[in-house]
Amino acid sequence: MNLYDLTVNDRTKIALNDVFFSDENKAKITQIIKEHQYLETLKKYKLQVDHKILLYGHSGCGKTTTAKAIATALNKPIIILNLSTFVSSKIGETSLNIKAVFDKAERDRAVLFLDEFDQIGKIRGNDEKDVGEMRRLVNTIIQLIDYLSPDSILICATNHYGILDSALLRRFQLKLEYFLPNNEELDSYYERILGEFPESTREMDRIYGVSYAEVKDYVHTTVKRIIIEKLERNEEI
């Protein structure tokens, strides 16, 4: 399997201020970014920067965009690997592939984003005959995490924190939880998204109790419908 078939090199630039998350998470992410901006100075004082981060919680609440924003702020490339499609039926092959991905992140001094990190934990219990092989895979990942250079940043994301191996959890210096946004936070997000479209398309019922991703999909679908209806009635948009 070709390494370039396994990963996504995303060139999307996302500013930190464009990411919606809690004040607490924003403060911690800002601290991480500053540490890496002053990495060489901190090294002189033998101070280690945090570069192993776990993002967990509800889906669609900004974990992937957080990783992209960190990469943008530090002008680093980002390598995205979705473990749900990565773990091979041949576990030994998976270990080799994931080592190749970590090696690439090291060479490029990149942000390595492992999405659906819980797939490792889920698979371990699927088949008794695979337990030994999965244990070796987890051990491989632990070693790769332990020896990852601080010039690179590892960010892992999961919606299922509770099933992760405790040995894996201990490797992360920073763990950030993502919750569903409240109504006020969603209203701010609505205003941000709707501001990108003509005023005549912004009137719509707002849905709440959902994620940012769900609001984005809802707004885009509704705006498209409004635009098409106006075009069919020959109305000005």
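Preceding this section is the structure that the text describes.
*Asks:* So what's going on with the overall build of the protein chain? Which residues, and what values?
*Replies:* Across its full length, the protein chain holds 11 helices and six strands. Considering the protein chain as a whole, with its 237 residues, one finds that 44% of them fall into the buried category. Long-range pairs, those at least 24 residues apart, make up 76% of the contacts in the protein chain between residues at least 6 apart in sequence. Carbon and sulfur atoms form 46% of the exposed surface of the protein chain, whose accessible area is close to 13200 Å².

*Asks:* I'd like to hear about the packing of aromatic side chains, residue by residue, with values.
*Replies:* We describe a pair of aromatic rings using the distance from one ring centre to the other and the angle between the two ring planes. This structure, assessed with the given rule, holds six aromatic pairs. Ring centres 6.2 Å apart and planes at 65° place the aromatic pair Y190 and Y208 in the edge-to-face group. Taken together, the residues Y190 in helix 10 (residues 183–194) and Y208 in the loop between helix 10 and helix 11 (212–232) connect sequence positions 18 residues apart. Since its relative accessible area comes to 0%, Y190 is described here as buried. Using a relative accessible area of 34% as the deciding quantity, one classes Y208 as partly exposed. Site record: aromatic cluster; members linked through ring pairs are F20, Y189 and Y212.

*Asks:* So, helix 11: which residues are in play, and what are the values?
*Replies:* Note: α-helices contain 3.6 residues per turn, so residues at a spacing of three or four share the same orientation. In this model helix 11 runs 30 Å from its N-terminal to its C-terminal C-alpha over 21 residues, within 8% of the 30 Å that 1.5 Å per residue would give. All buried positions along helix 11 are accounted for by Y212, V215, V219, T222, V223, I226 and K230. For helix 11, the angular spread of the buried residues around the axis is 100°, confining them to a single face. Turned more than 90 degrees away from the buried face of helix 11, the exposed residues are D217, K224, L231 and E232. On the buried face of helix 11, the contacting elements are helix 10. The first or second residue beyond helix 11 is N234, which carries a positive phi of 60°.

Rules used throughout
- Residues numbered from 1 in each chain as written.
- Predicted model: local features only at pLDDT ≥ 70, side-chain atom pairs only at ≥ 80, totals over all residues.
- Heavy atoms only, no water.
- Helix = DSSP H or I, 4+ residues; strand = E, 2+ residues; numbered from the N terminus.
- Buried < 20%, exposed > 50% of the residue type's maximum accessible area, 1.4 Å probe, protein only.
- Contact = heavy atoms within 4.5 Å.
- Areas by Shrake-Rupley, 256 points an atom, 1.4 Å probe, with all protein chains shown as cover.
- Phe/Tyr/Trp six-rings, centres within 6.5 Å; stacked < 30°, edge-to-face > 60°.
- Expected span 1.5 Å × (residues − 1).
- Arc of directions from axis to C-beta.

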